[in-house]
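Structural characterization, general
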Amino acid sequence: MLIQNRRSFLRIGASGLFGAHAAFLGLSKNASAATFEPGAQNVILIWLDGAPSSIDMWDLKPNAPDTVRGEFKAVSTDVPGIQICEHLTKMRQLMSHCTLIRSLQHSIPEHGPASQLMLTGHLPSASEQYPALGSVTMKMLSPKSPIPQNIAFDSPSANTSGYLGSAYNPFLLNNMASIPVGLSLGLETDRDLFDQRIQLRDRFEQAYDHLGNDGTVVSLKQLHKEAKEILMSDSIRKALDISKETESTRNRYGSQSSFGTNVLRARRLVEAGTRFVTVGLSGWDTHTNNFSQLKNGLLPQLDAALSSLLSDLVERDMLSSTIVCCLGEFGRTPNINGNVGRDHWSRSFSALVAGGGFAAGAVYGETDEFGQEPLTNLCTPSDLFATVLHLVGIQSNESIKLPSGRLMKINEQGNVIAGALA
Amino acid sequence: MSKVIDTMIHRLLVLALGLTCLSPARLFAQSSIGSAESNKEAVRFDRHVQPLLSKLGCNAGACHGNSEGRGGLRLSLFGADPKMDFLAFSDEQSGRIDRKSPSQSLVLQKPSMIVEHGGGQRFENGSLEYETFRRWIELGAVELEKPDPLRELEVSPATCKLNQTEPEKSFQVVATFQSGEKLDVTALCTLRIADESVAAVQKQTIKCLQPGKTFLIATYAGRSANATIIVPREREVSAKTSRSASSEHGPIDQLIDKQLIELGIDSSPSCDDATFLRRLRLTTLGSPPDVETIKRFVGNNDPKKREKAIDECLASSLHASVLATRMCEILGSRDTGNFPNRLEHELETKWHAWFQARFDRNERYDVLVRHILVATSRDQLSAMDYVDNAIHANENGQKSEATEYAKKASLDLFWQRWKVNEEVDFESLAERISAAFLGVRIECAKCHKHPFDRWTQDDYRAFSNIFTQVRYGMSGELRIALSDKLQEQRAATASETRTKRIPPLHEIYLSKKPFDFVKTTDNASLPPKPLAGEPLRSDGDRREYFAIWLLDQSNPYFARNFVNRVWDIYFGSGLVDPVDAFSATNSPSNAELLDFLANEFVKSGFDVRQLETAILNSHAWQRSAKANGEGSSGTELYARFPVRILPACAIVDSLSNALREESTPTTSLPTFAAGSDTQQYYFDVFSRPERKSRCDCERFDHPTLRQSMLLLSDEGLSKRIDVFVEKWLGGMDSKEDCASEEHIAELFLSALARWPTPAELRVAQEHFANKSNRDQAAADILWSLINTSEFVTLH
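Quick caveat: nothing in here was measured; it's all calculated off a predicted structure.

Tallying secondary structure elements over chain B gives 32 helices and 14 strands in all. Across the 795 residues of chain B, 56% fall into the buried class. The contacts of chain B with a sequence gap of at least 6 include a subset with a gap of at least 24, amounting to 67%. About 33400 Å² of surface is accessible on chain B, with carbon and sulfur atoms providing 51% of the total.

Written out as structure tokens, the structure reads:
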């Protein structure tokens, strides 16, 4: 399936435009910029909604006073020198596949706008609705197989396609108890009959063909084709159906919580050809009882699902082509408050990234002894945004042509975090 | 020596400009030609250096405009504070400039990468930028002289027509300052072409690429100006198009056709009656016509039948409901701040009813807006009457509340967006009012100078100060009335009379103590001031003064904004698009037409229905969606009707119309929420606007994968089709009967509001012939029609 406006189109468009007018526009220098061969094909974003206390997870301060150190011990991992939280027991064995970025920083300690910033790599602006990472990826890369390319479970509301238009919005599957209407032909539908009906439809569609050069008509035609292929292959329903997995696998991911199930579904979707999957887990806004909430609920869930995902990807030899990214809006205050909680803190926080060209068994950046500020290698949400795009083969200073004819630069502010790459 | 350098600079500049006819002096003050002495005044920080810092992106948020600065140098964001920028940039101690040997200055060495620069290379050694900076330093890097702010920016020629014989043209951007001094700033501007597929710009030249119309946008020192670029097709338009421009057509068509002829684009012919009727119904009433209505309309021989149908639709209360819903979207009826959620449904219904009543009686639009802007909860009621009314309403149940509310003079709900204590969210209200009634988005100016528009943070705050008297809570008067009432009740209780419960009471009222925002730089007070207007009086009702300013017939924003929004309702995009982004950087696709519509609207006494009537009766609106002739893709120039996805409501109603289900049209729903789960699911998938956003960004009329998949795979829909088919075929005897031309036509009319073409009729009849089961055959056909692009679009 070749989707116009997506990557293939853009490449042709770019060489056409730049090639023909390069001399005139004086752009010849940029035209040959991207010859990088991307290793990453897919992205799984684990979104910890509410802002995780990364100081208790990935960047502990064992030598700081009680009021900062907190209740958890830092323990060694399979990578000498890297320590993480004692309650991430399974992840301890997998740090050799991951990079911890410990020097993220931004300036908005508020959930709504900060999730926009983290997901879009742009400060929120009312005049421009910036697209989230998943929508950009979907827009720029051609689909690998007939299945929705950008899918989100329990996703934050900032995960939208912005100026790219609704066609690039994530396929939202929130509070998914069962498979909703419209994803599958269902048991009662006869496949042959469906195919016949589609053929009949296509004949009635011919009257509309003479409107061919209208943008809406062109995209409808493509969507019709995609929709048919997805439904005929029943790809999304099959991928979402976890009864095909063994019980032990389901338990390993954590069958008690929908989060574990969704992470397992994410793996299955990526295997089936989805480019970008977001899985949200809420409850991280731990202003009170930070430690008991983490220890008893959040960390075990995350540990089970994330470790299972990583080891499955390794086992299937998919980690080199799949980026796993685990983060939230920001971090939490180094100082513990009166309710044994931690409040909002965006001046320093960590993210875990793995696969797709990120370094393995590495730490990037460090914070001061109290975890207040990054000391080295400060990086911004835009930088991380640019880095993920870079790994999937998209240059973030590339322009996207909107249906209105306007050219939008994806992101001019971020720099690829070269030090975090393999 | 200095002469030699001057000659060198001259050469370099000439090279950099790429045009030998230009003197470098053009770049500097016009008096400065020639002598080195007068050149001392030539390169000015405010006129040359700072605009270049903007052009080069140095003062952007990601670079030195960051609140922390970058690499030790901090500039004001987008050049909002020239004084601060001068001090930072001319800091000799840190080596940024070196007056003795200018070329050693870091401001030259870093951007040209002679010394490592975090922001990369911004210009080359010897470039125009380099030379301007160097010259400024060489001339002493002097402090600003007395401020002489920019008054006007102009691009000439204002219209630039290019073609194969003349593929390139040069242009000039001229700044005029308060003192009257003029300066050619072409080389100091950021230059951009709105549609880069039509033309390209380099230095002082525009070059055409392909036929079309676009704009050159020049930004200098935070101000923008533009010029129109026209690249006509090299062909004659057909006689028909050119004839139509001259005579029989109304002024709307004349203005559109004039542009089409200029560009060499043929317009499409008028659409047929059935297409017209479907289009009219769906846009004005929200749902398609039923079979009988189509037959009657098409069969009618009255030459004035289209006009009459338009009048009939516009007068319908369903149409008033469609407009009311649109107003609720524009004004964000569901964005209620910290208001309790459970009341949402009730509040929405009231909002909608208030607007519907007004559109029903075609109230003057300026009067309608006035009653939003100066709204209070009590209108003219005394506080005691207000309390009594509330008690009375509370006793008599809530049923008629929306109808009652529609009778209320002013829309106080608009202001009920609770923040904390008695405060409403002034800034969000200011942003909303600006976007809704001026068509200007000012959000960016909340935190910093608007990056591409003229608005500063102080403009934003002064505008917000118009609304800082508004409170939501209990005014002194209401408190007194309540305590009187309570006393009265206590006395009554003492005498054992039954008392009526007093419900919780709040009101929108004006406080004598406005919570004014102050100036960003020195905390000085900022008098309330409309964008681009004169300051208003601070005492008395500021909203009243604002309304007078806004609704004045000469206000350049108000009427233009509304006619543009109405145009957008009918054509799917505004003459200025997005509709709330009026700005020098976003020119109207047909400026003359926009002006004409606005003037007519004002002259008519802000008559909404008259405006709609004029638009709907135009040939442009009634054109076919088919392209006429080669490559006339320009839907934005209205050579043909632009295709778009129907709104969620219209999809739901089209389905029940096609299946002849008895149901209230969802267009008449006052609320965002639907009546059933299935409808709600369709609303979600087909993106019904949420009525929350402050900008016009909730409407998506682009198709999505989810939509196509839903219509294809919804088993519930298949069953509804089966139910319809069974009933429909019940009265027919044989399969041949079902496959008759008349019956197949009925299926097409239900689903697509048109008759089948002979080819389609043949396909349908063949299908009946091939299928043993006639119910199945009919269901297949209807299902297929529902799944066509035609069904889900307006065309």
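This part takes up the sheet that holds strand S5 (residues 182-184) of chain B. All names here are of chain B. Spatial strand order, S1-S4-S5: three strands in an open sheet with antiparallel pairing. At either end of the open sheet lies a strand with only one pairing partner, and these are strand S1 (150-156) and S5. Averaged over all pairs of adjacent strands, the angle between strand axes in this sheet comes to 20 degrees, irrespective of strand direction. Both S1 and strand S4 (residues 172-177) contribute to a ladder of six bridges, which runs antiparallel. Within S4, the residue paired with Glu152 across the bridge is Thr176.

What follows concerns the interface of chain B and chain A. Counting from both sides, the interface comprises 65 residues of chain B and, opposite them, 59 residues of chain A. In this structure, the salt-bridge partner of Glu766 of chain B is Arg203 of chain A, at a minimum N-O distance of 3.9 Å. For the pair chain B and chain A, the number of links is seven residue pairs in polar contact (both at pLDDT 80 or more). Looking at the side of chain B that touches chain A, the elements that each hand over two or more residues are strand S7 (199-202), strand S13 (644-645), helix H26 (705-713), helix H27 (715-729), helix H30 (758-770), helix H31 (774-786) and helix H32 (789-792) of chain B. The residue inventory of the side of chain B that touches chain A, partitioned by class, reads 29 nonpolar, 17 polar and 19 charged.

In any sheet, the strands associate via hydrogen bonds between backbone groups, in a parallel or an antiparallel arrangement. Residue and element names in this part refer to chain B. Here we have three strands laid out as an open sheet, ordered S3-S8-S7, and antiparallel in their pairing. Each of the sheet's edge strands pairs with one partner strand only, and the pair in question is strand S3 (168-170) and S7. When strand polarity is set aside, the average angle formed by the axes of neighbouring strands in this sheet is 20 degrees. The sheet contact formed by S7 and strand S8 (residues 205-208) spans four bridges and is antiparallel. Counterpart to Ala200 in the pairing with S8 is Lys207.

Okay, the confidence of the model for chain A next. Per-residue confidence for chain A gives a mean pLDDT of 85; residues scoring 70 or more make up 87%. A low-confidence stretch, residues 1-35 of chain A (pLDDT under 50), is modelled with 54 contacts involving residues beyond four sequence positions or located in other chains.

Moving on, we get to the side chain of Thr380 of chain A. Residues and elements named next belong to chain A. Secondary-structure assignment places Thr380 in the loop between strand S14 (374-376) and helix H12 (381-391). Given a relative accessible area of 18%, Thr380 falls into the buried group. Among all residues touching Thr380, those that are not within four sequence positions of it are Leu104 and Gln105.

Working definition: an aromatic ring pair is given by the centre-to-centre distance plus the angle between the planes. Residues and elements named next belong to chain B. Enumeration over the complete set of coordinates arrives at 38 aromatic pairs over all chains. Judged by centre distance (5.7 Å) and plane angle (85 degrees), the rings of Phe123 and Phe133 are edge-to-face. Residue Phe123 is located in the loop between helix H5 (106-109) and helix H6 (128-138), and its partner Phe133 is located in helix H6; the two are separated by ten residues in the primary sequence. Given the relative accessible area of 4%, Phe123 is considered buried. Among the residues examined, Phe133 registers a relative accessible area of 1% and is labelled buried. Aromatic ring contacts, followed pair by pair, group Trp351, Trp354, Phe355, Phe359, Phe414, Trp415, Phe463, Phe467, Phe546 and Trp549 into a single cluster. Stacked on the ring of Trp354, the Lys or Arg Arg358 has its end atom at 3.8 Å from the ring centre. Cation over ring: Arg543 sits above Trp415, and NZ or CZ is 4.6 Å from the ring centre.

So, on to the pairing of strand S7 (residues 276-282) of chain A. All names here are of chain A. Among the seven residues of S7, six are classified as buried, and the element is accordingly described as predominantly covered. With seven bridges joining them, strand S1 (residues 42-49) and S7 adopt parallel strand pairing. For Val43, the partnering residue across the bridge sits in S7 and is Phe276.

Residue and element names in this part refer to chain B. With 19 residues, helix H19 (residues 476-494) should cover 27 Å at 1.5 Å per step; its first-to-last C-alpha distance of 27 Å lies within 8% of that length. Buried residues of H19: Leu478, Ala481, Leu482, Lys485, Gln489 and Ala492, and no others. Buried residues in H19, looked at end-on, bunch into an arc of 100 degrees, giving them a common side. H19 presents Ile480, Gln487, Arg490 and Ala494 as exposed residues on the side facing more than 90 degrees away from its buried surface. Against helix H15 (383-395), strand S11 (470-473) and strand S12 (507-510) lie the buried residues of H19. Once H19 ends, the next one or two residues include Glu496, with phi positive near 60 degrees.

Our focus in this paragraph is the environment of Gln222 of chain A. Residues and elements named next belong to chain A. Checked against the element boundaries, Gln222 lands in helix H7 (residues 215-233). Under the relative-accessibility criterion, Gln222 is labelled partly exposed at 21%. A C-alpha to C-alpha distance of 47 Å links Gln222 and Ile55, two positions 167 residues apart in sequence.

On to the pattern of salt bridges, then. Between side chains of opposite charge, a pair can form as their charged atoms come close. Per the counting criterion, the structure on display carries 64 salt bridges over all chains. Here Arg378 of chain B makes a salt bridge to Glu477 of chain B, at a shortest N to O gap of 3.4 Å. Residue Arg378 of chain B is found in the loop between helix H14 (365-373) and H15, and its partner Glu477 of chain B is found in helix H19; the two are separated by 99 residues along the sequence. Between Arg754 of chain B and Glu790 of chain B there is a salt bridge, and its shortest N-O distance comes to 2.5 Å. Placement of Arg754 of chain B in the loop between helix H29 (741-752) and H30 and of Glu790 of chain B in helix H32 is noted, with a sequence separation of 36 residues between them. Overall, Arg754 of chain B belongs to the buried group, its relative accessible area being 14%. Using a relative accessible area of 5% as the deciding quantity, one classes Glu790 of chain B as buried. One salt-bridge network, in which partners are shared between bridges, spans Glu245, Arg252, Arg267, Arg268, Glu271, Asp312 and Arg316 of chain A.

Turning our eyes to something else, we now look at the confidence of the model for chain B. When pLDDT is averaged along chain B, the result is 84, and 87% of the positions lie at 70 or above. ipTM for the predicted complex: 0.80, alongside a pTM of 0.79.

Attention shifts here to the state of the cysteines. Residue and element names in this part refer to chain A. Tallying each qualifying case throughout the model produces zero disulfides over all chains. Not part of a disulfide, Cys98 finds its nearest cysteine sulfur in Cys326, a span of 9.5 Å. According to the relative accessible area criterion, Cys98 is buried, its value standing at 1%.

Parameters and conventions
- Residues numbered from 1 in each chain as written.
- Chains lettered and ligands numbered in written order.
- Predicted model: local features only at pLDDT ≥ 70, side-chain atom pairs only at ≥ 80, totals over all residues.
- Heavy atoms only, no water.
- Helix = DSSP H or I, 4+ residues; strand = E, 2+ residues; numbered from the N terminus.
- Buried < 20%, exposed > 50% of the residue type's maximum accessible area, 1.4 Å probe, protein only.
- Contact = heavy atoms within 4.5 Å.
- Areas by Shrake-Rupley, 256 points an atom, 1.4 Å probe, with all protein chains shown as cover.
- Pairing = 2+ DSSP bridges.
- Axes fitted to C-alpha atoms, helices over the stretch in contact; angles between N-to-C directions.
- Salt bridge = Lys/Arg side-chain N within 4 Å of Asp/Glu carboxyl O.
- Polar contact = N/O pair within 3.5 Å; in protein donor to acceptor, adjacent residues only side chain to side chain.
- Nonpolar A, V, L, I, M, F, W, Y, C, P; charged D, E, K, R; others polar.
- pLDDT = per-residue confidence, 0-100.
- Phe/Tyr/Trp six-rings, centres within 6.5 Å; stacked < 30°, edge-to-face > 60°.
- Lys NZ or Arg CZ within 6 Å of the ring centre and 35° of its normal.
- Expected span 1.5 Å × (residues − 1).
- Arc of directions from axis to C-beta.
- Disulfide = S-S within 2.5 Å.

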